[in-house]
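For reference, the chains in residue letters:
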Number of protein chains: 2
Amino acid sequence: MPPASNREAILDAYERLLVEDGERAATVEAVARAAGVSKGGLLYHFASKDELADAAIERLHRVAAECAEQAATLPEGAIEVFLRDAVKTGDPLDVSLGAVHALHQSGRYPQAKPALDAVVHGWVAQLTDALGDPALARLVAVLGDGLYFGAAFNGGAGGVATPPASEQELDELIAAVQQLAALRGAKA
Amino acid sequence: MPPASNREAILDAYERLLVEDGERAATVEAVARAAGVSKGGLLYHFASKDELADAAIERLHRVAAECAEQAATLPEGAIEVFLRDAVKTGDPLDVSLGAVHALHQSGRYPQAKPALDAVVHGWVAQLTDALGDPALARLVAVLGDGLYFGAAFNGGAGGVATPPASEQELDELIAAVQQLAALRGAKA
DNA sequence: GTCTATACATGGATAGAC
DNA sequence: GTCTATCCATGTATAGAC
């Protein structure tokens, strides 16, 4: 389906609502309105709300796979790249991830968890590979989670955690981890 | 209201449902059933669903304040204590926190965010105080968030993040951070 | 492919008996 | 204090016209 007409637009609107206002706000009607179509129009493309969720999850897999390919080509400064990406917000992967995360949080979409696990697992594997120090890789991965939940959704219906790290705070954080990496003789 | 009869039981059930099955599953009927009363019975104690949420938030404030007092008396090994608490699950503070967090995630309770912020702010302040190194304190706090979201709710409708750190992985993580703390000459 | 109208289920909240 | 019955709003999904 190359043209995709309104289908992609509907999916975009669905993701946006999920991330910004939570799963409960992403009703069929609200999504339709946000996408500029009617309920009936939406339900032509997605026969049920579950199909919308499935499509969002499928998109996450696709986007994550693309990003993983690109990331594989620049293993320099893995720590910094990973931690900065964790707070970066707005790019397709982040939106897709946030959307599926909202689905998971709602407790109504068991399919969401495995998808998220797969994405995260890929990251940890990549980090372990780049750093050559499993414990350090895990530390960085957990830190990334903390940053993500703390910053990614702030303002929307998302995480809480520590207040969004300012540029400077983030720099200090990265510096501290790199200090540790050097001490342990990690690769990056 | 010292006896509190069913009131506390209802609030307990509400928190449990919020943490384990998400906000959407915590309907008045479901909460009533879980607490062993009827809808009408519940609505005698809490005139509306919003009052239930308010009560949960109020409880969080109370429980957090109690824990903060206790924690202030043992500033030894702040890093280890904090990180181990982040993955500890089931104690009153954790349940209360998870419940309010679920409320926040749903996007329907603006009162939840300030409450969570207050709690987290208290932790960061305590850590900064104990370590005497603001950047390190933030690192530990963010790490705690990562652990919390990764582990606290797993199995329920909660976070995702990295798979629940095993005992050994957690030990390694703590060791790594302490290594860094020693390097930077932090107090704990 | 998209719309309107409508059927049906669920959840929140009220009224009034016990 | 607790229950049952009922009302009303909202959300999903179907039917059929255009």
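In this text, all values refer to a predicted model and were calculated from it rather than measured experimentally.

1. A word on helix H9 (residues 167–184) of chain A
All names here are of chain A.
Okay, step 1: The terminal C-alpha atoms of H9, which comprises 18 residues, lie 26 Å apart, in line with the 26 Å expected from a rise of 1.5 Å per residue.
Okay, step 2: Three or more residues of H9 are buried, namely Leu-170, Leu-173, Ile-174, Ala-176, Val-177, Leu-180 and Ala-181. Buried residues of H9, seen end-on, are gathered within an arc of 155° and therefore sit on one face of the element. Residues Glu-167, Gln-168 and Ala-182 are exposed on H9 and point more than 90 degrees away from its buried face.
Okay, step 3: Once H9 finishes, Gly-185 follows within two positions and takes phi at roughly 70°, a positive value.

2. Looking at the protein's contact with DNA strand D
Okay, step 1: The full set close to DNA strand D counts 13 residues, and Val-28 and Lys-39 of chain A together with Asn-6, Ser-38 and His-45 of chain B are the nearest of them.
Okay, step 2: Expressed as a percentage, the sugar and phosphate content of the atoms of DNA strand D within 4 Å of the protein is 55%.
Okay, step 3: Contact distances for DNA strand D include 2.9 Å between a phosphate oxygen and a side-chain N or O atom of Asn-6 of chain B.
Okay, step 4: Tyr-44 of chain B is positioned such that a nitrogen or oxygen atom in its side chain is 2.9 Å from a phosphate oxygen of DNA strand D.
Okay, step 5: When contributions to the surface near DNA strand D are tallied by element, the ones reaching two or more residues are helix H3 (39–45) of chain A together with helix H3 (39–45) of chain B.

3. Brief notes about the protein's contact with DNA strand C
Okay, step 1: Close to DNA strand C lie 13 residues; Asn-6, Ser-38, Tyr-44 and His-45 of chain A together with Val-28 of chain B are nearest.
Okay, step 2: Each atom of DNA strand C within 4 Å of the protein belongs either to a base or to sugar and phosphate, the latter forming 56%.
Okay, step 3: For DNA strand C, a phosphate oxygen lies 2.9 Å from a polar atom in the side chain of Asn-6 of chain A.
Okay, step 4: One of the side-chain N or O atoms of His-45 of chain A is found 2.5 Å from a phosphate oxygen in DNA strand C.
Okay, step 5: Those elements that provide at least two residues to the surface near DNA strand C are H3 of chain A together with H3 of chain B.
Okay, step 6: When residues of the surface near DNA strand C are assigned to their parent elements, the largest contribution, 4 residues, is made by H3 of chain A.
Okay, step 7: The residue makeup of the surface near DNA strand C, split by class, is 4 nonpolar, 7 polar and 2 charged.

4. A closer look at the environment of Glu-172 of chain A
Okay, step 1: Examined against the element boundaries, Glu-172 of chain A turns out to sit in helix H9.
Okay, step 2: With 154 residues separating them in the primary sequence, Glu-172 of chain A and Leu-18 of chain A have C-alpha atoms 32 Å apart.

5. Here we look at the pattern of salt bridges
Okay, step 1: In this structure the tally under the stated criterion is 28 salt bridges over all chains.
Okay, step 2: Residues joined in a network through salt bridges with shared partners are Glu-8, Asp-12, Glu-15 and Arg-59 of chain A.

6. Focus: the packing of H9 of chain A against helix H9 (residues 167–184) of chain B
Okay, step 1: Look at H9 of chain A against H9 of chain B: their axes get within 10 Å of each other, and the N-to-C directions meet at 100°. By the angle between their axes, H9 of chain A is roughly perpendicular relative to H9 of chain B. Every residue of H9 of chain B that contacts H9 of chain A at Ala-176, Gln-179, Leu-180, Leu-183 and Arg-184 of chain A is listed here: Ala-176, Gln-179, Leu-180, Leu-183 and Arg-184 of chain B.
Okay, step 2: Looking at the contact of H9 of chain A with H9 of chain B residue by residue, the classes come out as 6 nonpolar, 2 polar and 2 charged.

Procedures and definitions
- Residues numbered from 1 in each chain as written.
- Chains lettered and ligands numbered in written order.
- Predicted model: local features only at pLDDT ≥ 70, side-chain atom pairs only at ≥ 80, totals over all residues.
- Heavy atoms only, no water.
- Helix = DSSP H or I, 4+ residues; strand = E, 2+ residues; numbered from the N terminus.
- Expected span 1.5 Å × (residues − 1).
- Buried < 20%, exposed > 50% of the residue type's maximum accessible area, 1.4 Å probe, protein only.
- Arc of directions from axis to C-beta.
- Near = heavy atom within 4 Å.
- Polar contact = N/O pair within 3.5 Å; in protein donor to acceptor, adjacent residues only side chain to side chain.
- Nonpolar A, V, L, I, M, F, W, Y, C, P; charged D, E, K, R; others polar.
- Salt bridge = Lys/Arg side-chain N within 4 Å of Asp/Glu carboxyl O.
- Axes fitted to C-alpha atoms, helices over the stretch in contact; angles between N-to-C directions.
- Parallel < 35°, antiparallel > 145°, perpendicular 65-115°, else oblique.
- Contact = heavy atoms within 4.5 Å.

Nothing here speaks to function; it is geometry throughout.
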